[in-house]
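Chain by chain, the residues:
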Amino acid sequence: MELQQMRYVIAVAETSSFTRAAERCLVVQSALSHQIARLERELGARLFDRTSRRVRLTPAGEAFLPAARASLEAAERASADVAASVGEVRGRLAVGVIPTVAAVDVPAALGDFRRRHPQVRISLRVGASGDLADQVRERALDVAFLGLPTTAEPRGVAARELARDRLVVVVAPDHRLAGEPVVTLKSLASEIFVDFPAGTAGRVQTDQAFAAAGIERDVAFEVSTTDFTVPLVASGLGVAMMPSAYAPQLAGVVAIEISDAPGRVEYVVWSASSPTPAATAFLSGVPGFPSVPRAKP
């Protein structure tokens, strides 16, 4: 059993495709398929069910995958720790960010890190705060930048608060409220909203604020990224709530202060148990990061 075979299995499992897995691993598909077939013979079990339409893990594959990931992580960590012992930072750095991160200029931070540690492979994932926190706990991500309601805190991960902010409402330039300096939640009750999916941290803070005010609202459009939120708002299809520190980045819409707006807290989080040398080096470049506090249970 070889580490490369494990990489191939993980790639197929994550992409549900031998073709996409081969592209990710930079090998021809026939070579990847041959190595997985060879591993299956060695294990005496099929790892994937293959049809013309889909590829999915068998029960044996489901059992194999966590151990394969752990083995690869251990091998990569061993190599990174040896390099760190002689003053070099190597390995990988997987960073997660929410679409509306504003407390840190993530591209600039990654650029600075890359200049200091060119041998580290960097991956960047965009997602919802809850999903990113789960991935840090599972060690699929090394570091993540989250935005949470003031009523919530990251759990099961090490965390540092970066900034506190309040939400504003963004509207089309010709919207009836566009000229107002300040509005209230009550004045937004009749609006159509564009918002993140129900249950996500970006949505919860707004839902809680309207519920506390006794106001029902109509969320007609649910989107997972601001790439779609802004065009919908600019087209006059609805309004949206955004962090005030993030809103200035948005073109084609008008941001209005809300007097009774819900609050928001941005955090950087990382693995509570022995962060990798790459994660530690990256975090050292995050503004206001003097130490590594322990995770909350």
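Residues numbered from 1 in each chain as written. Predicted model: local features only at pLDDT ≥ 70, side-chain atom pairs only at ≥ 80, totals over all residues. Heavy atoms only, no water.

Side note on the overall build of the protein chain
Here's step 1: For the protein chain, the count of helices and strands is 9 helices and 12 strands.
Here's step 2: Oriented by its inertia axes, the alpha-carbon framework of the protein chain measures out at about 70 × 50 × 35 Å.
Here's step 3: Looking at the protein chain as a whole, 45% of its 297 residues are labelled buried.
Here's step 4: The long-range fraction of contacts in the protein chain, counting pairs at least 24 apart against all pairs at least 6 apart in sequence, stands at 73%.
Here's step 5: Counting only carbon and sulfur atoms, one obtains 53% of the accessible surface of the protein chain, whose full area is about 14800 Å².
Here's step 6: Here the protein chain holds 32 positive side-chain charges and 32 negative ones, and the gap between their average locations is 7 Å. (Helix = DSSP H or I, 4+ residues; strand = E, 2+ residues; numbered from the N terminus. Buried < 20%, exposed > 50% of the residue type's maximum accessible area, 1.4 Å probe, protein only. Contact = heavy atoms within 4.5 Å. Areas by Shrake-Rupley, 256 points an atom, 1.4 Å probe, with all protein chains shown as cover. Lys, Arg positive; Asp, Glu negative; His and termini not counted. Charge placed at Lys NZ, Arg CZ, Asp CG, Glu CD.)

Comments concerning the pairing of strand β8 (residues 192-195)
Here's step 1: Bridge count between β8 and strand β9 (residues 218-222): 4 bridges; the pairing is parallel. Note on β9: the bridge partner recorded for I192 is D218. (Pairing = 2+ DSSP bridges.)

Regarding the environment of P181
Here's step 1: Here P181 shows up in the loop between β6 (158-171) and β7 (182-183).
Here's step 2: The exposure class of P181 is exposed, given its relative accessible area of 63%.
Here's step 3: In this structure the C-alpha to C-alpha distance between P181 and I258, which are 77 residues apart in sequence, comes to 8.8 Å.
Here's step 4: If sequence neighbours within four positions are ignored, P181 has contacts with I256 and E257.

Considerations on the confidence of the model for the protein chain
Here's step 1: Scored by pLDDT, the protein chain has a mean of 88; 92% of the residues are at 70 or more.
Here's step 2: For residues 292-297, every residue scores under 50 in pLDDT, and the model assigns this stretch 16 contacts once sequence neighbours within four places are set aside. (pLDDT = per-residue confidence, 0-100.)

Topic: the side chain of S129
Here's step 1: If you trace the backbone, S129 turns up in helix α6 (residues 129-137).
Here's step 2: Given a relative accessible area of 5%, S129 falls into the buried group.
Here's step 3: When residues no more than four places from it in sequence are discounted, the contact partners of S129 are I98, L146, G147, L148 and A201.

Section: the environment of V253
Here's step 1: Take V253: it is sitting in the loop between β10 (240-243) and β11 (254-258).
Here's step 2: On a C-alpha basis, the gap between V253 and A178 in space is 8.9 Å, while along the polypeptide they are 75 residues apart.
Here's step 3: Setting aside anything within four residues of it in sequence, one finds V253 in contact with V170, V171, P173, V230, V233 and A234.

Quick notes on the nonpolar core
The tendency in soluble globular proteins is for nonpolar side chains to be buried side by side.
Here's step 1: Among the nonpolar cores identified, the biggest contains 36 residues, and L93, V143, F145 and F282 are the most heavily contacted of them.
Here's step 2: Mapped onto this core, the elements with two or more residues apiece are β3 (91-97), α5 (106-116), α6, β5 (143-149), β12 (263-270) and α9 (277-283).
Here's step 3: When near neighbours in sequence (up to four residues on either side) are disregarded, L93 contacts L110, F113, V120, R121, I122, S123, D142, V143, A278, A279 and F282.
Here's step 4: Counting 20 residues, the second largest nonpolar core, distinct from the first, contains A22, F64, L65 and A68. (Core = buried A, V, L, I, M, F, W, Y, C linked by side-chain atoms within 4.5 Å.)

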